[in-house]
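# Close look at the chain arrangement
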Amino acid sequence: MSTIVETKNLKAYYITNAYGVERTVQAVDDISIAIQEGESYGIAGESGCGKSTLLKILLGSYDPPLRVVDGSITYHLDGKAIDAESMTLDEKRDLRWKTISYIPQGSMHVLNPVRRVRDTFHDFITAHRNVDKDESYKMTAEYLKELGLPEKVMASYPHQLSGGMRQRVTIALATILWPKLIFADEPTTALDVVVQRGVIQLLKEVQQKKGSTLVLITHDMGVHANLADRIGVLYAGKLVEEGATRTILDNPRHPYTKFLINSLPSLKDRGERASIPGRPPALDKPPLGCRFHERCPLVQDKCRTIDPQMITVAPGHRTACHVVEEELSHVPSV
Amino acid sequence: MFTTLRDLLRYSLSFRFGTIILLFAALLIVLSFFSPYEPDDRRAVARNEAPSSEFIFGTTSQGQDVFWMLTFAIRNTLIIAGIAVTIGRGIGVMVGMLSGYIGGMFDRIVSSIVDSFIVIPRLPLLILIASIMRGQMTIFALGLMIGVLDWAYPSKRYRAQVLSLREREFTHTAVFSGMSSWKIVIQEHLPFIVPFLLADIVSGFLFAIGIEVTLSILGLSDTDTQSIGSMIYWGNYYQSLLTNKVWVLIAPIGASIVIVIGFYLVSVGLSDYLDPRKRLLRLQVKE
Amino acid sequence: MSQASKNTPLLTIKNLTKTFHIRQGFASQEFDAVDNATFTIDSDKPEIFAIVGESGSGKTTLARMMLGMEKASTGILQYKDRVLADLSRKEMKTWFYKEVQPVFQDPFAAFSPLKRIDHYLYETAFNYKMTDKKNADKYLDSVLHEVGLTLAEIKGRYPNELSGGQAQRVAIARALVTKPSLIVADEPVSMLDASLRMSVVNMFRKLKDDNQVSVIYITHDLATAYYTGDRIAVMLRGWIVEMGPVEQVLGNPLHPYTQNLKLSIPSINTSAEWDERIDLAVVETDEYTRTGCKFAGRCPAVMDICNHHIPPTIHHEGRDVKCFLYDDTIEKAKTTRSEHVAN
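These figures come from a predicted structure and were not determined experimentally.

The helix and strand tally for chain C stands at twelve helices and twelve strands. Each of the 343 residues in chain C was classed as buried or not, and the buried ones make up 48%. Within chain C, contacts between residues at least 6 apart in sequence are counted, and of these 66% link residues at least 24 apart.

Structure below.
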């Protein structure tokens, strides 16, 4: 498997200056990830952890006040390595249309309410390729059939469809042209469970059929469990743990990840579940040392002053935590 | 309040310039009380003098100092506009917001009244009234009339704003907190409307100044009272253009343009500052 | 349902229906957002009554009717011994709103972003005469303690300065100021992060146990409904299709729709069953206006009778189910079912 997009020590801050007050929000602080071609990579974390910002950077669509302050983003396409910062605006736009597809949050509102679905598809397809109406209708019909969406969707207006169907139609729209890289931002938030299931299944099918790479951003671990191959957990702008999905869910090492997983209710028992005390730090004044130390039950003196670095717990599983580092150093290496 | 003003003056370029212009206009108004001449004095000074160090804007063919005339003119025009805006927007806000919030039959009746007012052709009506009342039109009466004709259309917009605010969840919270309708409209909804209101006030001033100047140029207002429009009227009456004494006209025209620009700049700066979304950004920063 | 209670029930709902008219061109179609809902909340013991369903199931309309925000089309809606529709505006403001308070879905929309958040707390306290000016701070502080906050923490702050979890807690605190008997919470945790939901949901449990407040908890998240609720009602396109004690309904669902819902929950313990392709509704109005059972289009156990007749509500295994499968009076074509399963 080869890397398709990677970031190295990426730092992206929002720097604003309004009415004499300057404020720097360290939204993405020193993040290094390498997404492999053809995989489903999930980015997990609460609101305010920086995942939306990371998404914007990966998409290449960001404007001041958001700036890349340090580090690099590199796309590996057609055997070439392209540094995002060196691309012109036109090149970035080109990239977005041809290779990258983006499914935004609340995407059901993206559909044009005064056009029938098949015409919206036609508009989209002809913006990228030269086809006439009949051809694009045929393409659309075939693709919808492949994904298991009913044919009557084509002649409908968006408001006639149910919310879940709209969401799935939007996903079909975003993926009909074989994008290599699909970014989905909270595709299931605010949808109910039944629709969520349909959306997740659709994403899975799309990804498998086309062999695309899927980057999924959501705070819902249940979605990651059913869709992602690997998960990266973000907290307060930092990557705190990364590994294969089952590893993260069954054997999390970072205290935050553990808390995150334990706080989810399940249908197995109604016992009292603890919630994480406190709240994430404000990113304009991040705390010294480990960003989680104020809420961490295992906090030590070192955590308050030194920022932990990423260490490898097992092949493909890394985390940034002093306590884990210590645990590992006591384990005799085999 | 004062920190707001200080912030605005310091950081908003348009607000700063607009305020300077309006302060200047205010200065002229204050000067009008110290004018060495009465507003309707004729032959007080040498006639038809071009602008010089003695007569900053020159003199008219009737022997009036254009500069001092201008101070009166600005004062009167702005008084008229002020009355018009106070009456117009005052009624407009109250009617619009109440009818939007209460809804039902009340809203329907009021809306039909509002619609009737909107259809009235304002300028022809004002011309008609002014020509009937010629000479007996006081400043107050003119301001009142303009105001009464300019409240209807704005009130529709306030009503529209309240209609959408009414469905917002915090309105429901306010209802369940036991607040009366009146309190909700004033405490919860009005703050959202204020930025819009300020821009609307400027628009009201512009309309009133425009109408006043139009009526006066046509000689329909009290031509003995100095106002920007009447200065232009008298300037035309005495053929200032043809006799090449353009300074008589340039002073009032220039003044009206500059004042209008001043209002505009202030309103742009203010609405930018008060924009709820920008406000939130600033509030966060203050932490 | 259990034995009849001696006191008047807290909330009585019988055959409650809300009909909406939608215009399609020149024709107008009507559909029932809530169709003959019937249930009762007793007043002797506080409980958490969960109402779950997809979006479009009618649960929000039901909530709005219970809060008096929406007028019912037909049916009985009674709070304690008064019929809601008969209350005058004054009675609503002085009595009903004191007894029944809402918690809305979006904590940031529930408060005006231009007003400090404690403004609503003070307003509620004064308007219902819960305290006087002198003791207001003390009273509000004690109410905020119930939700794990202090007045000092939030005094003078604007809603956007708080986190979603905190803001929602303040919203709950505001609802508690009037010492209500019933709180209607419409999707109170849907907009919060998964990790924050637990703290808010735990709070409802505490309110029931310590403060004797009954809660109607409306959600599409079955997991939190299971965790918090005592009884649960499952709604589908306006119908209550299954209702009963939560451990039974969710532990061993009878209605095919409930079974489908339970299966659809994405859990961190994945299952192959979950991966089976499901059928989603295509056009919402189709299901609303269907004759017969509204679930017939998607039901894996559908029988011929389901397409033509509305299923009755049957009491079976300790709960109410609206399904022909449990109707002993009809001649169940067992062959149909087994044929269907074999396919």
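A word on the confidence of the model for chain A. Taken as a whole, chain A shows an average pLDDT of 82; of its residues, 92% reach a score of 70 or greater. Within chain A, no element has a lower average pLDDT than helix H2 (residues 89-98) of chain A, which sits at 74, and none a higher one than strand E9 (residues 230-235) of chain A, at 92.

Counting 245 residues, the largest nonpolar core has Ile216(C), Tyr217(C), Ile232(C) and Val234(C) as its most contacted members. Considering each element in turn, this core owes the most residues, 19 residues, to helix H3 (residues 66-102) of chain B. When residues of this core are sorted by domain, at least three fall in each of domain 1 (3-99 + 182-330) and domain 2 (106-178) of chain A. Not counting residues within four places of it along the chain, the set of residues in contact with Ile232(C) comprises Ala50(C), Val52(C), Ala225(C), Met243(C), Val246(C), Val249(C) and Leu250(C).

A word on the sheet that holds strand E6 (residues 100-103) of chain C. Residues and elements named next belong to chain C. Strand order in the open sheet made by the eight strands is E6-E7-E8-E3-E9-E10-E12-E11, with mixed pairing throughout. Two strands in the sheet have a free side with no partner beyond their single neighbour: E6 and strand E11 (313-316). On average, each strand axis in the sheet is inclined to that of its neighbour by 20°, with strand direction left out of account. Where E11 meets strand E12 (residues 319-322), four bridges bridge the pair, whose relative direction is antiparallel. When the sheet's bridge partners are listed, His-316 is paired in E12 with Arg-319. Sitting on the sheet, helix H6 (residues 164-176) is in contact with E6 and strand E7 (182-186), with an inclination near 175° to E6. Most of the contacts of helix H7 (residues 194-211) go to strand E8 (residues 214-219), to which it runs at about 160°, and overall it touches strand E3 (48-53) and E8.

Time to look at the domain arrangement of chain A. All names here are of chain A. Each assigned domain of chain A is listed here: domain 1 (3-99 + 182-330) and domain 2 (106-178). Its C-alpha centre places domain 1 at a distance of 30 Å from the equivalent point of domain 2. Listed by partner, the interface residues are twelve residues for domain 1 and ten residues for domain 2. In terms of residue count, helix H6 (residues 193-210) provides more of the side of domain 1 that touches domain 2 than any other element does, nine residues in total.

Further remarks concern helix H8 (residues 169-176) of chain B. For H8(B), the buried fraction is high: six of the eight residues fall into the buried class. For H8(B), the set of buried residues is Phe170(B), Thr171(B), Thr173(B), Ala174(B), Val175(B) and Phe176(B). Close packing links the buried residues of H8(B) with helix H7 (152-166) and helix H9 (181-217) of chain B together with helix H2 (89-99), E6 and helix H3 (118-127) of chain C. Within two residues after H8(B), Gly178(B) carries a phi angle of roughly 90°, on the positive side.

About the thresholds
All residue numbers refer to positions counted from 1 along the written sequence of the respective chain. A letter from A marks each chain and a number from 1 marks each ligand, given out in the order of writing. Totals for whole chains, interfaces and linings use every residue, but because this is a predicted model, local features are given only for residues with pLDDT of at least 70 and side-chain atom pairs only at 80 or more, for both listing and counting. Here a helix means four or more residues in a row that DSSP labels H or I, a strand means two or more in a row labelled E, and each is numbered from the N terminus. Our exposure labels follow a C-beta count within 10 Å of each residue's own C-beta, placed from the backbone: buried means 20 or more other C-beta atoms, exposed means 12 or fewer, and partly exposed covers the counts in between. C-beta atoms are placed from the backbone for every residue, and two residues are taken to be in contact when these atoms lie within 7 Å. A residue's pLDDT is simply how confident the predictor is in it, with values from 0 to 100. Each nonpolar core comprises buried Ala, Val, Leu, Ile, Met, Phe, Trp, Tyr and Cys residues, the members being joined through C-beta atoms within 7 Å. Annotation comment: domain bounds sourced from an automatic or database domain assignment. For two strands to pair, DSSP has to find at least two bridges joining them. Between the N-to-C directions of two axes lies an angle of 0 to 180 degrees, each axis being a line fitted to C-alpha atoms and, for a helix, fitted only over the stretch in contact.

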